[in-house]
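Architecture and fold: a report
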Amino acid sequence: PQRNPITEFAEAGSTRLTFPSWHEMSRWHNNKYNLPGPIRLGDEVNFYDLPDNLRTEALAEIFGIELLEPGDPELEDGYGSLSGEGTVVCGSPFEVANEPENAGSAFQGSFDSYTQEFATSWELFANQRKFVWLKNTVENDIDQLRQRMAWALSQILVISPDGVDGELDTEAFLTYYDIFVRHAFGSYRDILKEVSYHPLMADMLTYYGGRSTAFVYAQDGTVEYADENYAREIMQLFSIGLFKLHTNGTQVLDEDGNPERTYSNDDIEEYARAWTGFEAQQNRGNVEIAWGNRLDPMKINYQWRDRFPKMGLNRKYVGDGYPLCADLPEKHFLREGAVYRFLGSNPLPELHHEIDQWRSDPAAKRFTLDATQSNLYEKLCNPQGDGSCAFQAKVVLDVDLDCVGDECYLDTLRTVEVSNGMYYEYIRKPCVHQAFYQDAKTIIRHWNFDEYMCADPRTESATIACCKTNPESYYYDDLYWGEKSKLSTALDACDEQLCEEWPRPPCDVAGFTEHTKCWDPNHFWTSEPCTLKVKINPDGTVGIVHGPVYGDDMVEGIVSPETKTFFRVDWEGDYSDIIDNCDGMDTCTMSEDDMCVCDVTVTDAAVFSAQDAPSDDEILEQLHIGGFEATVTDEPISMDTVFEVVDENGVTQLRKNVETRVTVVGTSLSFRSPPHFVSLSDEEARDMHFETDAVLDHYFYHANTAPFLAIRFAQRFGISNPSPQYVESIATAFRSGSYSYSADGGSASVEFGSGVYGDLGATVAAVLLEPESRDVILDEDPAHGALKEPLMKVTGILRSMEYEQRDNKSFLQFEELFGGRIGQMAHELPNVFSFFRPEFQPSGRVAQGNLVSPEAQVTTAPRQVSTMNGLYSLIQFGLTQCYSGFGPYVGWCTPNLDWYDLSQDSLGLLGYAPAPSQDIDATIEDLATLLTAGRLSNEKRQYIKEIMEGEDDPALAIQKAQQLIVSTPEFHATGLVKATGEEREAPEAVQSSDEAYKAVVYVLLDGGVDSYNMLAPHKCSQQNQDGLNLLEQYNLERTTIALSDAERFRIIQAQNQPCDEFAIHPDLPIVEQLYKDGELAFFANMGVLDTPVTKDNYYSLTRTDLFAHNTMQNEAQRIDPWDTTPGTGILGRVCDVLSQNGFNPQPITIEDSSVATVGVPGASVPPLIMSAEGTEEFNPKPENDVFDVSQHIAQMNQHTDMHSSVFAETWSHGLQKAIFDAENFIQAIEDVELTQDFDSINSFQYGDKFKTLSNIIMSNEARGNDRDVFFMRVGFWDHHDSLRDQLSNEFMGLNAGLDTFQREMKAQNMWDKVTLVITSDFARTLTANSGEGSDHAWGGNYFAMGGDVKGGKIFGEYPHDITASGPYNIGRGRLIPNLSYESMLNGIVQWMGVDTEEDLMYCMPNRFRAGAELFTKDDIFHNAADARKLRGGNKKQQ
């Protein structure tokens, strides 16, 4: 690491830090008071110099200090002997103490901490967490299965450093990964919770700091929605997946044979509201806090959290199955199971809301237990022999306790003082409130004269305010400040004489002039009735409206007629009748935002009668309210009966035999009263955590979770295509929490798991011990097994070949770009979808067999070359950077082995050596077992033996054998290889073409670009039915994320659109320039469109799973929603046609594999994948290295027959093609000279990729290709938060790339031969979320650019009405596209030379079924009519 003068004095053992002359001393003087020491191990410290809170009697006793008396002359400033009761200091969960004897310099036993002032390099910061992972996986022999399971879990519940602030943190990433290490064999439910509460996850999936719609509207007067990001991904990727599954993992199909979806976007919108309010805990010492506290589980900000009902999966509410708070037992705080949390000396609760001022108010009334009589005191104090208390962090009452004294007058407790200023906080059991209930009463907030609302009189919702016969009898009857009571308790306490609106009790407290009692945020009970109303949204969702007798103008905003929070209900009857007739109904009125607000009645009724004998399934399906205790079985069934049943997951459920229905007055329309955890009047963090638990249970106990995870675990442990039987076995182990294994079918068995649903110990036992993972006969199945994960291959060879780190070298580490070179590295996952997608299908035998191979997504040609080079270098020279090695820079790489021993500078060497008496056959057997699990064929063993026998040096013979074995497909894949004995031929050179060159570049903005800020309305005259023009609609919908007036200076003209002028984003000057120059055209409101749809039927008729990144991206690349030609993409099929019609096409992907460039095998040339970092030479080596392993590659990777492993074939075919491609492209581009400075863009996304693209285009003649099609993905467009800033940054990068590229093409006279298309997964919601971002939507605005493009126009129709009432808006500004991708691609494909209807349908099989307008080459291009006639007509074989 770089020299760090701030820390090196301490590392050297010195206590003196000398500041340089140029360093301002004010920085030290202004901050030294914040330093708590420093104190080193072994230092002597005066006890009386310690901070007050540490100078305790207990500490003095530990160190044997004789305490001085107050006034002793040895004491300075009159300090007394003791000054405090001590301080409770909390660390991270599972934090362990430092071990000073293990200390060392950075990367040799210790690590630097990332702070805002640092000198260590960014590279080393980013690598620290990787060093820790490597040490645990390569050098640790104790718990390899735990580490392996943690690694698998980390690829399912993903954190990507590219998606968070503080990507250089070490400790935060390690604490996140430790979740998986701790719970590798524990409960998946614990993992889900810890992951959801981790600050890194909240940062990456953008729910950190999320605020409810109600809060934002109250603060800013704007309507914003909860961020949907985490609500979507936790279901799609972490728990239930996109489609319903049987237990065996096969898809559940509807009556038409289509897969059934697990959730809708409506489900996501509801769950999103449950992920509001999360924020970091306060900073604390001894942790890495450059970006705040990113270690401790987050807390919930009660003000930001959404408090309303939430209907989730299967139309079940979050809170269904929980008991009503109205049914809490009397004195529940003394009942068995009551929970108390230790607060220490702080009287303020952590999970209840009280104002901070009460902490220091000496007049604050607190509830203190009677130490002489209270049974609760005995439990909480836990008195010792000397009478002192031994406080425990958590106390759960094991029996019911009798109340004593004032305890008998309480309905509940909040905090309680036990003794010596020590406090506990009471956490009652989870329960729910009903949104609508009977006999509502008005409650009034203490400190605000005009905040009134309704409350359920059965619940502990308000304080007691008595107003008897005279003003002297006006008082608050509370036993402690913040006390909550039921209405009946309040009436008893006040002799039925409660206060009303006026008068009210005085709130000052004798002897304390600040009157903090007046700041009490709670409400007090009144006897006045309160009307409950429902506000009905046109989409059928409803809001809660309260009507106190004092008038609507006095009601609190969250329940006023202008409420903006709505939730789903299941209506009985057609609610649209109310909306259509609202003005004519006596019990309904129109709100200011033109919605119907109606009075309701609430009724309770028994579901089952005394004559019924309901089954368990009927009870669980029809009863939604839980209970605290089951009813005695011999009692007759009534409305109060509570049934006890055990559900299919082994969970005991209590269900009360009652349903509460809400009926709109004057109609028969009704719905079930929804539950919600958080009281609308008493917003406690406690209940928000309960709600979060309930949400997690919706995912965890869903029927899909077990088979979904079973498939993921099978894949991560080496079975890419697990059989239904295997999946069912794993899923059953997950559900039952147990797995029984009998060796060789014997009677004796070993049991795994706790017997509890979600047990991962049982799950991983099933993964590893089921016959499908162990039976060697299955190696004969060509579909069995997998490609090995790239990182597992490298760590595997390090472990099996006994890597030994040199004593004088630092931690085991790889070079900075290692992860990118092989496609995988710990703590370097590219995005939430991990390194590869479970459903990925590479071209070739895998796709032909309708199989998947996730690892093949990163096993691209450049990475295959790079992986082999790194392995060869590791075997020959050790861990070094020399000759494309994996190691960090360690020194000079000699070109001649006679000059210098390269291995002596390496970090370490492979130490494997056979026993001295072991012969070559035994050595090869040993190596084959360690490196290929014994799968290496006899033919290859014999071949390797002959090579070894020709080498006199035994060490070199071993190296040669190792290099040859890692060159075989058996090393890179599992399954048997059945070679034909024929070597693979080098592809024939492409013959030079005399046809004019053309290229299409298909750019996908990965993540979903906010294209309505790329092209925004500006000057508009056409109006919608509400009289709003498009600009007015835009500003109304977009609110805080709209383009401002100051940003509207790139103005373009348009014809036949709802606006005459549009504004282009200010950071896209090249888009404005090319549009005005007639070289760029927009395509408005375009997207994936399977079939014509409306707002009413889009969900049922659309086959593509909408709004998900992977499915929408996949369809944007395939353009074949009905799977006419499975496993192929639009660009690949275009090349199929062009090839068969006489052209020389080449499909090319920049950097990553893509289905877009895949055609039908054998119909055309296979796609190339080119690295944006340049083409790496295969097997570079010193000039006098006589062993050239590349000469043996063909022998090790011969053709295979159809019974050989498809994964091994994928590797071998790809490797040899990669070697050929690398050689050809190095030659093809060596003479290319670019004119533009792409390197100045300083961006891999936009500099390196566009540079590579330009190089390849300019090499077309050398390659002999007259048609190129490119797919290029650029990331970071998923702007769920801070959209304006992030979009601006990405647009600047994109603008630089596009501008430099078009200048290069023009300088090379290629501009009219190239068409570049910009698309994305989808557009984004027009409405903002509370993170000032936008969420996943549908139709968006994209463009095509090129010298032959008829630019300066907008194709299609920019939507004329984007409001909720418009024909396109399906919610939150998600617009149904009116152009399909085929609308644009139709003309582009024609321009490339595909002319006949038959060929066009082959390329775009859904072009007519989508029902959208199709633009032709004559519409889009100037010179399309000059395209040459196809030679020989259509030669495509049918």
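Residues numbered from 1 in each chain as written. Predicted model: local features only at pLDDT ≥ 70, side-chain atom pairs only at ≥ 80, totals over all residues. Heavy atoms only, no water.

1. Observations regarding the pattern of salt bridges
In the structure shown here, the tally under the stated rule is 83 salt bridges. We note a salt bridge from Glu-224 to Arg-211, for which the minimum N-O separation is 3.8 Å. Of this pair, Glu-224 sits in the loop between helix H9 (213-220) and helix H10 (229-236) while Arg-211 sits in the loop between helix H8 (199-204) and H9, placing them 13 residues apart in sequence. Residue Arg-211 is classed as buried on the basis of its relative accessible area of 17%. Notably, a salt bridge pairs Arg-1374 with Glu-269, separated by 3.0 Å at the nearest N-O pair. Within this pair, whereas Arg-1374 is found in the loop between strand S35 (1354-1355) and strand S36 (1379-1380), its partner Glu-269 is found in helix H11 (residues 265-272), the two being separated by 1105 residues in sequence. (Salt bridge = Lys/Arg side-chain N within 4 Å of Asp/Glu carboxyl O. Helix = DSSP H or I, 4+ residues; strand = E, 2+ residues; numbered from the N terminus. Buried < 20%, exposed > 50% of the residue type's maximum accessible area, 1.4 Å probe, protein only.)

2. Details of the state of the cysteines
Counting across every chain of the model gives 10 disulfides. In this model Cys-882 forms its disulfide with Cys-893; the gap between the sulfur atoms is 2.0 Å. With the S-S dihedral at roughly -90 degrees, the linkage between Cys-882 and Cys-893 falls on the left-handed side. One end of the pair, Cys-882, is in the loop between helix H25 (861-877) and strand S24 (908-910); the other, Cys-893, is in the loop between H25 and S24, and 11 residues separate them in sequence. (Disulfide = S-S within 2.5 Å.)

3. Comments concerning the packing of aromatic side chains
Per the counting criterion, the structure on display carries 53 aromatic pairs. Note on Trp-571 and Phe-671: the rings are 5.1 Å apart at their centroids and 75 degrees apart in plane angle, and the pair reads as edge-to-face. With Trp-571 in the loop between strand S13 (542-548) and helix H15 (576-580) and Phe-671 in strand S19 (residues 670-672), this pair connects stretches of sequence that are 100 residues apart. Across this residue pair, the class does not change: Trp-571 and Phe-671 are buried. Seen from their ring centres, Trp-1391 and Phe-1421 are 4.7 Å apart, and the 10 degrees between their planes marks the pair as stacked. On the criterion of sequence distance, the pair formed by Trp-1391 in helix H40 (residues 1381-1392) and Phe-1421 in the segment after helix H42 (1417-1420) is long-range, its members being 30 residues apart. Take Trp-1391 and Phe-1421: they sit in the same class, and that class is buried. (Phe/Tyr/Trp six-rings, centres within 6.5 Å; stacked < 30°, edge-to-face > 60°.)

4. Structural notes on the nonpolar core
Across soluble globular proteins, you tend to see nonpolar side chains buried next to one another. Counting 166 residues, the largest nonpolar core has Leu-157, Phe-180, Tyr-188, Met-201, Phe-238, Trp-275 and Phe-814 as the members making the most contacts within it. If you tally residues by element for this core, the top one is helix H17 (residues 685-700), at 8 residues. Setting aside residues no more than four positions away along its own chain, Phe-238 makes contact with Ile-156, Leu-157, Val-158, Tyr-188, Leu-192, Met-201, Leu-205, Tyr-230, Glu-233, Phe-708, Leu-709 and Val-832. Counting residues in hydrophobic clusters, the runner-up holds 110 residues, among them Val-1003, Val-1137, Ile-1257 and Met-1310. (Core = buried A, V, L, I, M, F, W, Y, C linked by side-chain atoms within 4.5 Å. Contact = heavy atoms within 4.5 Å.)

5. Overview of the side chain of Lys-940
Within the fold, Lys-940 resides in helix H27 (residues 938-949). Within the local environment of Lys-940, its side chain forms a polar contact with the backbone oxygen of Met-1196, the two atoms lying 3.1 Å apart. Ignoring sequence-local partners within four residues, the contact set of Lys-940 consists of Thr-968, Pro-969, Glu-970, Val-977 and Met-1196. (Polar contact = N/O pair within 3.5 Å; in protein donor to acceptor, adjacent residues only side chain to side chain.)

6. What about the sheet that holds strand S27 (residues 1051-1053)?
Taken in spatial order, the 3 strands of this open sheet run S26-S28-S27, and their pairing is antiparallel. Either end of the sheet is taken by a strand with one partner, and the two such strands are strand S26 (1015-1020) and S27. Across the sheet, the axes of successive neighbouring strands diverge by a mean angle of 35 degrees, strand direction being ignored. Packing of helix H30 (residues 1030-1038) onto the sheet brings it into contact with S26 and strand S28 (1059-1064), and relative to S26 it is tilted by some 135 degrees. Sheet contacts for helix H31 (residues 1069-1076): S27 and S28; angle to S27, the most-contacted strand, approximately 25 degrees. (Pairing = 2+ DSSP bridges. Axes fitted to C-alpha atoms, helices over the stretch in contact; angles between N-to-C directions.)

7. Structural notes on unusual backbone geometry
A cis amide bond, omega -5 degrees, links Trp-502 with the succeeding residue Pro-503. Mapping Pro-503 onto the fold places it in the loop between helix H14 (487-493) and strand S12 (523-536). Phi at Thr-206 takes a positive value of approximately 60 degrees, unusual for a residue other than glycine. Accessibility expressed as a relative area gives 8% for Thr-206, which makes it buried. Of note, the phi angle at Lys-331 is positive, near 50 degrees, even though the residue is not glycine.

8. Digging into H25
Between the first and last C-alpha of H25 there are 24 Å, a value that for 17 residues agrees with the 24 Å anticipated at 1.5 Å per step. Extensive coverage of H25 is indicated by the burial of 16 of its 17 residues. (Expected span 1.5 Å × (residues − 1).)

9. Quick notes on the side chain of Glu-460
In this fold, Glu-460 is placed in the loop between strand S9 (452-455) and strand S10 (465-467). Buried charge without a partner: Glu-460 forms no salt bridge, and the closest opposite charge is Arg-428, 5.3 Å away. A distance of 2.8 Å separates a polar atom in the side chain of Glu-460 from a polar atom in the side chain of His-332. Apart from the residues lying within four places of it in its own chain, the contact partners of Glu-460 are Leu-328, His-332, Asp-411, Thr-412, Lys-484, Ser-485, Lys-486 and Asp-682. (Lys, Arg positive; Asp, Glu negative; His and termini not counted.)

10. Quick look at the environment of His-1199
With respect to the helices and strands, His-1199 occurs in the loop between helix H35 (1193-1196) and helix H36 (1206-1229). Separated by 216 residues in sequence, His-1199 and Phe-1415 place their C-alpha atoms 45 Å apart. Apart from residues no more than four positions distant in its own chain, His-1199 is found in contact with Lys-978, Ala-979, Thr-980, Gly-981, Glu-982, Glu-983, Arg-984 and Glu-985.

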